[in-house]
Amino acid sequence: MTAEAADTAPLSPRQYEFILDAAETYREGLVVRCCGEVGLRPAELAALTVGDIEQVRIDPPRYVVRVPAVGDREGTGHTAYLPTRVEQEARRYARSNGLGADDRIFDVTARRLQMLVAEVATRASERFDQPALADVSSSDLRRYFARRALVDRDINPRAVKAAGGWRSFEALESYFPTPTDSELVEAFDAVERPSAPRPGASNARSGRPMSDDSVVRLLLAASDRYALVRLDEEGYVERWNRSAAALFGYRAGEIVGTHVSAFYTDEAVEDDVPERTLATALEESGIEQEGWRVHRDGSRVRATEVVSPLRDERGRHDGYAVFVRDISTHHDELEAVRSERAALERQAAVARRYRAVTRGLLDASDHEAVEAAACRALADGQPYEFSWIDRTTATAESDEWRTTSGVDAAVIDRLVPAEWGIDTGDGDGAVTDGEAATESGGWGADSDTPIATTVVDQSVEEFAGTELAGVPLTYGDTTYGTLGVGTTREDAFTESERRWLATIGRQTGYAITAVRRRNLLLSDRVVEVDIRCQDASSFFVEASRRCGCRFELDSLVPISESTQLYYLRLADAPPADVFDLAAADPGIEDCRLLETEPDGWRIEVVVEGSSPTRTLTEYGVTVREAVTDDGTTTITAECAAEADLRTILEGLQSVFPESSLIGKREAERAVQTAREFREGLEDRLTDKQVAALRAAYFGGYYDWPRESTAEEVADAMGISSPTLHNHLRKGQHELLQTFFDDPSETERHE
């Protein structure tokens, strides 16, 4: 028996677990495991470095530790087997302590490690009431390792001898108990078995296990998407099989002796990726990565790659094993999903901005607030970096008529191309890349998507490559200005996004019109203006000039966004002459004679398109009177006191250039209460008319379906049905006339 074989009883697995449980620090536990599960001596532990740990099998991962020669064993270092769980704890300990490959794992003396084991054993003895553990040393842990390997796990003694660094088998003899008769007979049972398999017996039944190499070859042969390549220590191809040929397209004779960089892209080779990959694999005992690899025909293959260093029987570097898997299909699918997700995220970002615009417009109180809210909402985060609005009524002092967010107002002039000028004719859409532009440039009449361009002016370097898009702010035939946005996104302004932007342009135009009209309705003070229009593009101006007639507006009724119904009094020319001119005018949809009066005619005209009164209405102006005579229309209208009169006038002039302001005055708006309205109405109705209206109303004559007929109401009142209808018609006329507040009509009937 050697000096290592003590006379004391060997440690049991339970006692070993007691010792492990008594370790209070990570280092104590790791030292105990290295002695009891790897079989290392304290002197060997004190010399061990992180780089001595190596991975020798990939799947499943297996590790060894190159034990350096120490003390009287100098020059006779050995390789020990390192269980996976011990390797994981050693790596974790090295990472937590910031240890490099050349750093010692335990930076203490062998004597200190012996004392550490003794301290843990004493602690286990006291904690678990095991007196025998108080005398356990590192040598006892090493004997525990040998007994567990040889007896409990029946590991080949040659392997145990090599792993533990024993010099002879004699040192291991004490661990083997003397066999019993039964054990002796069972051990030689193979002598009684046939030495060769029976005829017809299969390899599977012979009990011969399939080697790992055979399994790998079968797996590689099952698919052309996997390859296993062997490189020499310099990175040159040393072994090439059919799986590699199927994946990369090279025959063995074409590729053996070629450097592994032949499989990498030119960009990767320029960045020294192949060399760094091999160096990292050697330093870290393997590396796994993903990237592009190149096929023989030049096409690219997306692959995952595992590079593991190989060692010879003496532990020296002996090349690399490279396992490659083609994941091109999965990569393409993943990229497609990512692209779709990015597109959805961009659409969601656009939708969020447009919802923000809608919320901002609802809170705006005037024209300027609408512009500021729209710009601020569009530029507040992705997908746009900045936004601006230029009004149609811009003057030489352009900054006064420009609202911006995210960009300086002065920069816009250098960003926006000249061909983005606005044509304020009858177009209400937008164009893309100039395809539907009118001859004068600007917005096309039939397009529904914005103009888009890329900034190329090098004088604004910070905006180079920025994508721009612009859309008109319109309501009916009125164009209030241009809304523009800028972004650095790729694939900006898709067809869907341009439609959204065009909608925002119209929505903003509607909001401007709405706030102008609301301000007019809520304002106690108004400005009355007199406007003269002599523009021949107005039908009534041209008709009065050619026919020598006079038009006086009775009422103006909006039918749709682009259509208005005019009720006019015509004098000095027969209706037939006016109707002939109307038939040839594309802006007049229909006209008819309503009534012949002593001093003229009442006519109805359906106007489709532009007219001075319609343009003023779209700017939030209420038209009170309009008289056209001898080629001149004089319009009296009122707008809110805080309205920008210059914007209104220049908006009118942009459509009808020969228009001018001839007078203005401020006035208080008369407010009529409900009581005043009723009292005024009672003064205009006779007693019989009031009685007829009340009887018809409360008798259900105006309900639907009717609860009473005219005959039943007339019978209840004791009058004839024609008399009732006469009272009702005159009473309803007075009621409507009072509601619409037409003083001239009232005076005429009085």
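Residues numbered from 1 in each chain as written. Predicted model: local features only at pLDDT ≥ 70, side-chain atom pairs only at ≥ 80, totals over all residues. Heavy atoms only, no water.

A tally of helices and strands in the protein yields 27 helices and 21 strands. In the protein, which comprises 750 residues, the share counted as buried stands at 43%. Counting only carbon and sulfur atoms, one obtains 48% of the accessible surface of the protein, whose full area is about 41200 Å². (Helix = DSSP H or I, 4+ residues; strand = E, 2+ residues; numbered from the N terminus. Buried < 20%, exposed > 50% of the residue type's maximum accessible area, 1.4 Å probe, protein only. Areas by Shrake-Rupley, 256 points an atom, 1.4 Å probe, with all protein chains shown as cover.)

The next thing to look at is the nonpolar core. Judged by nonpolar contacts, the single largest core of 63 residues is most densely connected at Phe539, Phe540, Phe551, Leu568, Val605 and Leu616. Counting residues per element, this core draws most heavily on helix 18 (residues 495-522), at six residues. Here Phe539 is in contact with Val578, Leu581, Ala582, Asp585 and Ile588, once residues within four sequence places are set aside. One finds Ile19, Leu20, Leu40 and Val67 within the second-largest nonpolar core, a separate group that totals 41 residues. (Core = buried A, V, L, I, M, F, W, Y, C linked by side-chain atoms within 4.5 Å. Contact = heavy atoms within 4.5 Å.)

In this section: the pattern of salt bridges. By the definition in use, this model includes 36 salt bridges. With a closest N to O distance of 3.1 Å, Arg302 and Glu290 form a salt bridge. Placement of Arg302 in strand 7 (residues 300-311) and of Glu290 in strand 6 (residues 287-294) is noted, with a sequence separation of 12 residues between them. Asp554 serves as the salt-bridge partner of Arg569, at 3.3 Å between the closest nitrogen and oxygen. Pair noted here: Arg569 is in strand 16 (residues 563-571) and Asp554 is in strand 15 (residues 550-558), with a separation of 15 residues, a long-range link. Residue Arg569 is classed as buried on the basis of its relative accessible area of 11%. (Salt bridge = Lys/Arg side-chain N within 4 Å of Asp/Glu carboxyl O.)

Within this structure, the stated rule accounts for five cavities of 30 Å³ or more. Lining of the largest cavity is provided by 13 residues; of these, Phe540, Thr613, Ala626, Thr628 and Thr633 occupy positions nearest its centre. Each residue belonging to the lining of the largest cavity can be placed in one class, and the counts come to eight nonpolar, five polar and no charged. (1 Å grid on protein atoms, 1.4 Å probe; cavity = no way out; pocket = protein on both sides within 12 Å on 5 of 7 lines; lining within 4 Å. Points joined across faces, edges and corners; volume = space filled by probe spheres on them. Nonpolar A, V, L, I, M, F, W, Y, C, P; charged D, E, K, R; others polar.)

Let us look at the sheet that holds strand 3 (residues 78-82). The three strands are arranged 1-2-3 in an open sheet whose pairing can be described as antiparallel. The sheet is open, and its two edges are formed by strand 1 (53-57) and strand 3, each paired on a single side. Adjacent strand axes in the sheet meet at a mean angle of 35 degrees when their direction is disregarded. The sheet contact formed by strand 1 and strand 2 (residues 62-67) spans four bridges and is antiparallel. Within strand 2, the residue paired with Ile53 across the bridge is Val65. (Pairing = 2+ DSSP bridges. Axes fitted to C-alpha atoms, helices over the stretch in contact; angles between N-to-C directions.)

Looking at the protein as a whole, the pLDDT averages 79, with 81% of positions reaching at least 70. Confidence drops under pLDDT 50 across residues 201-208; counting only partners more than four residues distant or on other chains, this segment forms two contacts. Confidence over residues 394-399 falls short of pLDDT 50; this stretch has five contacts with residues more than four positions distant or in other chains. (pLDDT = per-residue confidence, 0-100.)

A cluster of nonpolar residues, Tyr697, Phe698 and Tyr702, forms a patch on the protein surface that exposes about 390 Å² of accessible area. Examined against the element boundaries, Tyr702 turns out to sit in the loop between helix 24 (687-698) and helix 25 (710-717). (Patch = residues over 30% accessible without salt bridge, like charges linked within 9 Å, V, L, I, M, F, W, Y side chains within 5 Å.)

Let us now look at the packing of helix 1 (residues 13-22) against helix 2 (residues 26-36). Interhelical geometry of helix 1 versus helix 2 gives an angle of 155 degrees and a closest axis separation of 8 Å. For the element pair helix 1 / helix 2, the angle class is roughly antiparallel. Listed contacts from helix 2 to Tyr16, Ile19, Leu20 and Ala22 of helix 1 are Glu28, Gly29, Val32, Arg33 and Gly36. Tallied by class, the residues present in the contact of helix 1 with helix 2 amount to five nonpolar, two polar and two charged. (Parallel < 35°, antiparallel > 145°, perpendicular 65-115°, else oblique.)

We now examine the side chain of Ser544. For Ser544, the location among the structural elements is in helix 19 (residues 539-547). The buried category is assigned to Ser544, whose relative accessible area is 0%. At 3.0 Å, the side chain of Ser544 and the backbone oxygen of Val541 are in polar contact. When sequence neighbours within four positions are dropped, the list of residues in contact with Ser544 reads Cys549, Phe551, Thr628, Asp629, Asp630, Gly631 and Thr632. (Polar contact = N/O pair within 3.5 Å; in protein donor to acceptor, adjacent residues only side chain to side chain.)

In this section: the packing of aromatic side chains. Evaluated as defined, the whole model comprises 18 aromatic pairs. Over the ring of Trp166 we find Arg142, and its NZ or CZ is 4.0 Å from the ring centre. Its guanidinium or amino end placed over the ring of Tyr701, Arg706 lies 4.0 Å from that ring's centre, counting from NZ or CZ. (Phe/Tyr/Trp six-rings, centres within 6.5 Å; stacked < 30°, edge-to-face > 60°. Lys NZ or Arg CZ within 6 Å of the ring centre and 35° of its normal.)

Reading across the sheet, the five strands line up as 5-4-8-7-6 and stay open at both edges, with antiparallel pairing between neighbours. Among the strands making up the open sheet, the edge pair consists of strand 5 (237-239) and strand 6. Ignoring strand direction, the axes of neighbouring strands in this sheet form an average angle of 40 degrees. Pairing geometry for strand 7 and strand 8 (residues 317-326), over eight bridges, is antiparallel. Counterpart to Arg311 in the pairing with strand 8 is His317. Helix-sheet contacts for helix 14 (residues 273-283) involve strand 4 (226-231), strand 6, strand 7 and strand 8, and the interaxial angle to strand 7 is about 40 degrees. Its contacts with the sheet place helix 15 (residues 328-363) against strand 6, strand 7 and strand 8, and it is angled at close to 130 degrees to strand 7.

Moving on, we get to helix 7 (residues 157-164). Burial in helix 7 covers these residues: Val160, Ala163 and Gly164. Viewed along the axis of helix 7, the buried residues span an arc of 85 degrees, placing them on a single side of the element. Buried residues belonging to helix 7 abut strand 3 and helix 6 (138-152). Two or three places before Arg158, at the opening of helix 7, Asn156 has a side-chain oxygen 2.8 Å from that residue's backbone nitrogen. Remark: Gly165 follows helix 7 within two positions and exhibits a positive phi of approximately 75 degrees. (Arc of directions from axis to C-beta.)

Before going further, it helps to spend a moment on the environment of Tyr354. As for its position among the elements, Tyr354 is in helix 15. Note: C-alpha distance between Tyr354 and Ala374 (20 residues apart in sequence) is 8.9 Å.

A word on the environment of Ala101. Along the chain, Ala101 turns up in the loop between helix 4 (84-96) and helix 5 (110-127). Once the C-alpha coordinates of Ala101 and Gly51 are considered, the two residues, 50 residues apart in sequence, prove to be 4.3 Å apart. The residues contacting Ala101, other than those within four sequence positions of it, are Thr49, Val50 and Gly51.

On the surface, Glu233, Glu234, Asp266, Glu270, Asp271, Asp272 and Glu275 cluster together into a patch of negative charge. Asp272 gets classed as partly exposed once you look at its relative accessible area, which sits at 42%. (Lys, Arg positive; Asp, Glu negative; His and termini not counted. Charge placed at Lys NZ, Arg CZ, Asp CG, Glu CD.)

Under the criterion given, the structure shown has zero disulfides. The closest cysteine sulfur to the non-disulfide-bonded Cys34 is located on Cys35, 6.9 Å from its own sulfur. Judged by relative accessible area, which is 6%, Cys34 ranks as buried. (Disulfide = S-S within 2.5 Å.)

Moving on to the side chain of His78. Inspection of the secondary structure puts His78 in strand 3. What makes His78 buried here is its relative accessible area of 14%. Only 3.3 Å separates the side chain of His78 from the backbone oxygen of Ala163, close enough to count as a polar contact. In this structure, His78 is in contact with Glu44, Val65, Arg66, Val67, Ala162, Ala163, Gly164 and Gly165, ignoring residues within four places of it in sequence.

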